[in-house]
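So you can see what is in the structure, the chains are spelled out below.
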Amino acid sequence: MNIDLSRRGFLKLAGAGVAATSLGALGFGDAEAAEKAHVRAFKLASTTETRNTCTYCSVACGILIYSKGDVAAGEQATIVHIEGDADHPTNRGTLCPKGAALKDIVHSESRLTTPRIRRPGTDRFDEISWDEALDKIARALKDDRDANIVLKNDAGVPVNRWTSTGFLAASATTNETAWLTYKTVRAMGIAGLDNQARV
Ligand code: SF4
């Protein structure tokens, strides 16, 4: 028989088993039943566990996100708990105060969840769809590159330099994503590439 049991689940079961067995062995059968009746349900029971990376800084700590709601059944999943990933080589389950407060950021009323645009002649930001935002970004990049790309320097040496646009990437990411970002940005000729960790 295969039993799919996480380390956390194992510890919980082991703890409950020891308590119940001890009470039973001491002849407190009723106490055991009463104990069971008052034990709170494990708060992460029936949640979905998702691995991710803290979005804040270049340390890129591993986190475990627990959500409730069956997405496959059309329900909206809600994040109910976030904690450090004990199996992550960077942080081994620990989080700094910012990382420990991630759930509050996720649920913050002031958190932006859609792109916004300030159109010419107005002082307010309007929400737009991701498709519209990406189309606008692609159009602006293409127009600026076409207008400002430097193909050769004064000596006639090909340089393919695009210095009128910069790119701010994210450091809290995987090696593979960072590699792809670097290749994409440099392939376009962008010289100004940076991220929040200055690495
Ligand atoms: S938990 Fe703290 S140290 Fe770790 S990535 Fe997030 S902000 Fe950085």
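Residues numbered from 1 in each chain as written. Predicted model: local features only at pLDDT ≥ 70, side-chain atom pairs only at ≥ 80, totals over all residues.

J.: Can you tell me about the overall build of the chain, naming the residues and giving the values?
T.: Counting its regular elements, the chain contains 6 helices and 8 strands. When the helices and strands of the chain are listed from N to C terminus, the series reads α-α-β-β-β-α-α-β-β-α-β-β-α-β. Counted over contacts in the chain with a minimum sequence separation of 6, partners at least 24 positions apart contribute 41%. (Helix = DSSP H or I, 4+ residues; strand = E, 2+ residues; numbered from the N terminus. Contact = placed C-beta atoms within 7 Å.)

J.: Give a description of the sheet that holds strand E7 (residues 158-169) that names residues and reports values.
T.: If you walk across this open sheet you meet the 3 strands as E6-E7-E8, and the pairing is mixed. Only two strands of the sheet have a single partner each, and these edge strands are strand E6 (150-152) and strand E8 (190-195). For this sheet, the mean angle separating the axes of adjacent strands, direction not counted, is 25 degrees. Pairing of E7 with E8 involves 5 bridges; the strand directions are parallel. Among the inter-strand pairings, Gly166 is bridged to a residue of E8, identified as Gly192. (Pairing = 2+ DSSP bridges. Axes fitted to C-alpha atoms, helices over the stretch in contact; angles between N-to-C directions.)

J.: So what about the environment of Asn195? Which residues, and what values?
T.: Counting through the fold element by element, Asn195 comes out in strand E8. Along the primary structure Asn195 and Ala169 are separated by 26 residues, whereas in three dimensions their C-alpha atoms are 4.8 Å apart. Ignoring sequence-local partners within four residues, the contact set of Asn195 consists of Leu168, Ala169, Ala170 and Ser171.

J.: Pulling in residues and values, what's your account of the site of the ligand?
T.: Every residue near the ligand is listed here: Cys54, Tyr56, Cys57, Val59, Ala60, Cys61, Asn91, Leu95, Cys96, Lys98 and Gly99. Along the lines of polarity and charge, the residues of the shell around the ligand split into 8 nonpolar, 2 polar and 1 charged. (Near = placed C-beta within 6 Å. Nonpolar A, V, L, I, M, F, W, Y, C, P; charged D, E, K, R; others polar.)

J.: Would you mind going over the sheet that holds strand E3 (residues 78-84) in detail, with residue names and values included?
T.: Strand order in this open sheet of 3 strands is E1-E2-E3, and the pairing throughout is antiparallel. In this open sheet, the two edge strands, each paired with only one partner strand, are strand E1 (48-53) and E3. Direction aside, the axes of adjacent strands within the sheet are offset by 30 degrees on average. Relative to E3, strand E2 (residues 62-68) runs antiparallel, the two sharing 6 bridges. The residue bridging Ile63 from the neighbouring strand is Gly84, located in E3.

J.: Go over the pairing of E7, please, and point to the residues and values.
T.: Bridge count between E6 and E7: 2 bridges; the pairing is antiparallel. Across the sheet, residue Val150 finds its bridge partner in E7, namely Arg161. Here E6 hands over to E7 after 5 residues, with Gly156 in that stretch at a positive phi of 85 degrees. This β-α-β element, E7 to helix H6 (residues 175-188) to E8, shows right-handed connectivity. (Right-handed = clockwise from strand over helix to strand, strands pointing away.)

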